[in-house]
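A look at the structure
If you want the building blocks of each chain, they are given just below.
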Number of protein chains: 2
Amino acid sequence: MAKINENFLKLQAGYLFPEITRRVRKYQQNNKSTRIISLGIGDVTQPLAPAVVDAMKIALDDMTKENTFRGYGPEQGYDFLIKEIIENDFEPRGVKLDKSEVFVSDGAKCDIANIQEIFSTDNVIAVTDPVYPVYVDTNVMAGRAGNVKQNGQYENILYMPCTAENNFLPQLPDADVDIIYLCFPNNPTGTVASKQTLKKWVEFAKRKKAVIFFDAAYEAFISEPEIPHSIYEIPDAKNVAVEFRSYSKTAGFTGIRCAYAVIPKQLKAYTKDGKTVDVNHLWNRRHSTKFNGVSYISQRGAQAVYSSEGKKQILGIINLYMSNARLIRNKLSELGYRVHGGTNAPYVWVKTPDDTDSWDFFDLLLKKANVICTPGAGFGPSGQGYFRLSAFAKPKNVKEAIQRIAELQI
Amino acid sequence: MAKINENFLKLQAGYLFPEITRRVRKYQQNNKSTRIISLGIGDVTQPLAPAVVDAMKIALDDMTKENTFRGYGPEQGYDFLIKEIIENDFEPRGVKLDKSEVFVSDGAKCDIANIQEIFSTDNVIAVTDPVYPVYVDTNVMAGRAGNVKQNGQYENILYMPCTAENNFLPQLPDADVDIIYLCFPNNPTGTVASKQTLKKWVEFAKRKKAVIFFDAAYEAFISEPEIPHSIYEIPDAKNVAVEFRSYSKTAGFTGIRCAYAVIPKQLKAYTKDGKTVDVNHLWNRRHSTKFNGVSYISQRGAQAVYSSEGKKQILGIINLYMSNARLIRNKLSELGYRVHGGTNAPYVWVKTPDDTDSWDFFDLLLKKANVICTPGAGFGPSGQGYFRLSAFAKPKNVKEAIQRIAELQI
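In this text, all values refer to a predicted model and were calculated from it rather than measured experimentally.

All right, on to unusual backbone geometry then. A cis amide bond links Asn187(A) with the next residue in sequence, Pro188(A), at an omega value of 20°. When you line up the elements, Pro188(A) lands in the loop between strand S5 (179–183) and helix H6 (195–208). The amide bond that connects Asp129(B) to the next residue, Pro130(B), takes the cis arrangement and shows omega of 5°. Positive phi values are uncommon outside glycine, yet Asp355(B) reaches one of about 55°. Structurally, the position occupied by Asp355(B) is in the loop between strand S12 (347–351) and helix H11 (358–369). Judged by relative accessible area, Asp355(B) falls into the exposed class, the value being 58%.

Below is the structure:
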């Protein structure tokens, strides 16, 4: 008798974005002529950079000729891309990496969902609250969580509240934890971590022999020069941290699929009886057994992100999104909203007026302003009374959405 | 303390293809001017079909304009592709599917590696011997296997020998099994299953309440009209089977990455206390949580596989590979080798002369003929004394390789 993995039955049905889709669809059905503007899901809207497109055209052309055709590439990614990653994303920030420490993949969501597989199911994981749901759900599936509680959190997972009181920066846990998920610039709050903050976490992880999963998917949006882009800018971080990067938001690759993970050679984890094991080696075995490499065309596109033309064009697109973020921040501040993030991140995290419930405010914004936000409570109990606005929409839509919110006169 | 998944330590170091690469590299280093021909790893060599390239060009162009740009697609794949899959791959064979039963992915290897996750770790799995190593290794990682035995097989996994004596068709197990991996046309033996054979398996699975993972990655190479292309051509198969398909070999997509899995709505598995659970629902949750869709450009390419031009061009490419297979079969038969497969599959499975050890014969072929094969023993103990030749090489290389083998005079 084929038995299912019963951990899946613990998962909550209402995953955040499908629930948003359901509510929007229902409203649109009853209001067919209404033009709804989405500042909800964090998906890019600007076309690919021309340098990227040109590189992908050449790659596609390679596939039409016998002598340049590419079949299976290395599961870990082509050297031509890994070389650019190391030389552009890390070396200028004083971080040296070997090419065997970089694993190209089809998405940071996939990597961060899969990485837990190479660790024992009896590790205690710590996540922030609010949190990107994938960190939690993949651990529930693997069996690291107990049942779901009234507030939507799971037993056996350590949640670290991030609120206005602590500037949305989690405090070091008192309890023993083995694996810590950190995301800076943060989704959903838009908070960044200083070197000092990250140093505190690296030291904590060393002390606990814990591993940090550092999600840096939004690093390209950091504007303040003193903010670190990589956790490896902190001494000793290579001993305790895996870092996840993505071209999805950086270069508009959400429909193209390319990302990478860094697993330093010196990162160790442990057997139950305390022997050290090389995490890079385990991930390499996992990656090459269960994955078959990223599209050659996507990898050539990613390579062009690092060309001088590519860099210039992509910076232009990022600046466009960040001017959206600035507009959202400034206008909502003027309107009297308490506003966070949006300076080093494409997300603005806003307090609902009069502590309105997040989903109630979502409904109000949908029905009165025809604007979609993401209700903060969807990211966890500490997100209650907040909503997230994404800066990835088209500028004219952002302007109109903000105008509509201004007219709400709450 | 971050503890590793110790199941990974049970995995054998010498995965088949890296070991081949190692031996070839070493030989080439000492024989720099030698031109080695590979009939080893099953990777395509022919350029993409022009209709596929044209569709991908248009898709790439879509990504350059604001109003046609595509960000995140549905994790399950675009409807435009799923529609073609259902109407072309299944309906003509009498199989009706709902679009929610098809999950587009970036590779059949990934799907077949990941599918076991939604099942309990205490299921007993059955695989053939010889076997595609991914089926076994992913179950070892998940904890469904004991330690490795002298012969390279793992404790707690049921191996079903496929030998010349049973025409390389596994017999129904006597023991209770919960999950059965079947691959037809088979990699590595090139064997196909008749409707009668598959019917026997479907009935067995029904009786045992087991689930069949049916790997049909090579179905496009079936030439004999009476051989089923899908397990769903068998009545009731939807109640017991998941099917995996791929564009990798069919349409030369090994570097493009697109595949799909079919999980019928009526397929049920069970909780420990015997309640039925909808497998499609579990997979959908897994797929949408851990995966973020396939490249839009790759999906447009896959869609073009079903255009009338695409079909014609792809058939031409498949015929080219199959004429390679025919040449290998016929010439090796003439030379006195005992030859199997190669009629409905791009692989020819050959007995080594005088029962020579597979790896010894691999070395002999490499050193004396400068031809790479895949040693049968790499697929399991029943593959000992066999070697696999792939028909995916360029025709002139196949001709030369066969000529060199002929000159061996073993």
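Let's pick the thread back up.
Moving on, we come to the environment of Thr45(A). On the secondary structure map, Thr45(A) appears in the loop between strand S1 (37–38) and helix H2 (50–62). Note: C-alpha distance between Thr45(A) and Val95(A) (50 residues apart in sequence) is 32 Å. Leaving out residues up to four positions away in the same chain, Thr45(A) has contacts with Tyr321(A), Phe392(A), Ala393(A), Lys394(A), Glu66(B) and Phe69(B). A distance of 2.6 Å separates the side chain of Thr45(A) from the backbone oxygen of Phe392(A), its partner in a polar contact.

Residues and elements named next belong to chain A. Under the counting rule described, the total for this entry stands at 51 aromatic pairs over all chains. Taking 6.1 Å as the distance between ring centres and 85° as the angle between the ring planes, the aromatic pair formed by Tyr247 and Tyr306 counts as edge-to-face. Pair noted here: Tyr247 is in helix H7 (residues 247–250) and Tyr306 is in the loop between helix H9 (296–304) and helix H10 (308–334), with a separation of 59 residues, a long-range link. As far as the burial class goes, Tyr247 and Tyr306 line up, both buried.

Once that is clear, we can look at the packing of helix H3 (residues 79–90) of chain A against H9(A). Residue and element names in this part refer to chain A. Contact geometry for H3 and H9: axes closest at 9 Å, N-to-C directions at 30°. Looking at the two axes, H3 sits roughly parallel to H9. As for how H3 packs across H9, the hand of that crossing is left-handed. Between H3 and H9, the residues in contact are Phe80, Leu81 and Glu84 and Tyr296, Gln299, Arg300, Ala302 and Gln303, respectively. Its residues assigned to classes, the contact of H3 with H9 comprises four nonpolar, two polar and two charged.

In this section: the side chain of Asn370(A). Residues and elements named next belong to chain A. Mapped onto the elements, Asn370 comes out in the loop between helix H11 (358–369) and strand S13 (371–372). Looking at Asn370, its side chain comes within polar contact range of the side chain of Tyr27, at 3.1 Å. A polar side-chain atom of Asn370 sits 3.0 Å from the main-chain carbonyl oxygen of Leu366. In contact with Asn370, not counting residues within four places along its chain, are Tyr27, Thr34, Arg35, Ile36, Ile37, Leu365 and Arg404.

Below, the discussion takes up the pairing of strand S8 (residues 259–262) of chain A. Residue and element names in this part refer to chain A. Burial along S8 is two-sided: the face carrying Ala259 and Ala261 and the face carrying Tyr260 and Val262 are both buried. In this sheet, S8 lies alongside strand S7 (residues 241–246) in antiparallel orientation, the contact comprising four bridges. Following the sheet pairing, Arg245 is matched in S8 by Tyr260.

Along an α-helix, residues three or four positions apart point the same way, because every turn accommodates 3.6 residues. All names here are of chain B. Between its first and last C-alpha, helix H12 (residues 395–406) extends 16 Å over twelve residues, near the 16 Å set by a 1.5 Å rise per residue. Buried within H12 are the following residues: Asn397, Val398, Ala401, Ile402, Arg404 and Ile405. With its buried residues spanning 160° around the axis, H12 presents them on a single face. Exposed side chains of H12 directed beyond 90 degrees from the buried face belong to Lys396 and Lys399. Packed against the buried residues of H12 are strand S1 (37–38), helix H10 (308–334), H11 and strand S13 (371–372).

Let us now look at the interface of chain A and chain B. Taken together, the contacts link 81 residues of chain A with 80 residues of chain B. Summed over both partners, the interface of chain A with chain B comes to about 6,900 Å²; 60% of that surface belongs to carbon and sulfur atoms. If you look at where chain A meets chain B, you find six salt bridges. Put simply, Asp178(B) and Lys3(A) hold a salt bridge, and the shortest N to O gap is 3.6 Å. Summed over the shared surface of chain A and chain B, the number is 49 residue pairs in polar contact (both at pLDDT 80 or more). For the side of chain A that touches chain B, the secondary-structure elements that each account for two or more residues are H2, helix H4 (108–114), helix H5 (133–142), H7, strand S9 (268–270), helix H8 (279–290) and H9 of chain A.

Criteria and thresholds
- Residues numbered from 1 in each chain as written.
- Chains lettered and ligands numbered in written order.
- Predicted model: local features only at pLDDT ≥ 70, side-chain atom pairs only at ≥ 80, totals over all residues.
- Heavy atoms only, no water.
- Helix = DSSP H or I, 4+ residues; strand = E, 2+ residues; numbered from the N terminus.
- Buried < 20%, exposed > 50% of the residue type's maximum accessible area, 1.4 Å probe, protein only.
- Contact = heavy atoms within 4.5 Å.
- Polar contact = N/O pair within 3.5 Å; in protein donor to acceptor, adjacent residues only side chain to side chain.
- Phe/Tyr/Trp six-rings, centres within 6.5 Å; stacked < 30°, edge-to-face > 60°.
- Axes fitted to C-alpha atoms, helices over the stretch in contact; angles between N-to-C directions.
- Parallel < 35°, antiparallel > 145°, perpendicular 65-115°, else oblique.
- Left-handed = near helix turned anticlockwise from the far one by under 90°.
- Nonpolar A, V, L, I, M, F, W, Y, C, P; charged D, E, K, R; others polar.
- Pairing = 2+ DSSP bridges.
- Expected span 1.5 Å × (residues − 1).
- Arc of directions from axis to C-beta.
- Buried area = accessible area lost by both parts, 1.4 Å probe.
- Salt bridge = Lys/Arg side-chain N within 4 Å of Asp/Glu carboxyl O.

Bear in mind that shape data such as this cannot, by itself, settle questions of function.
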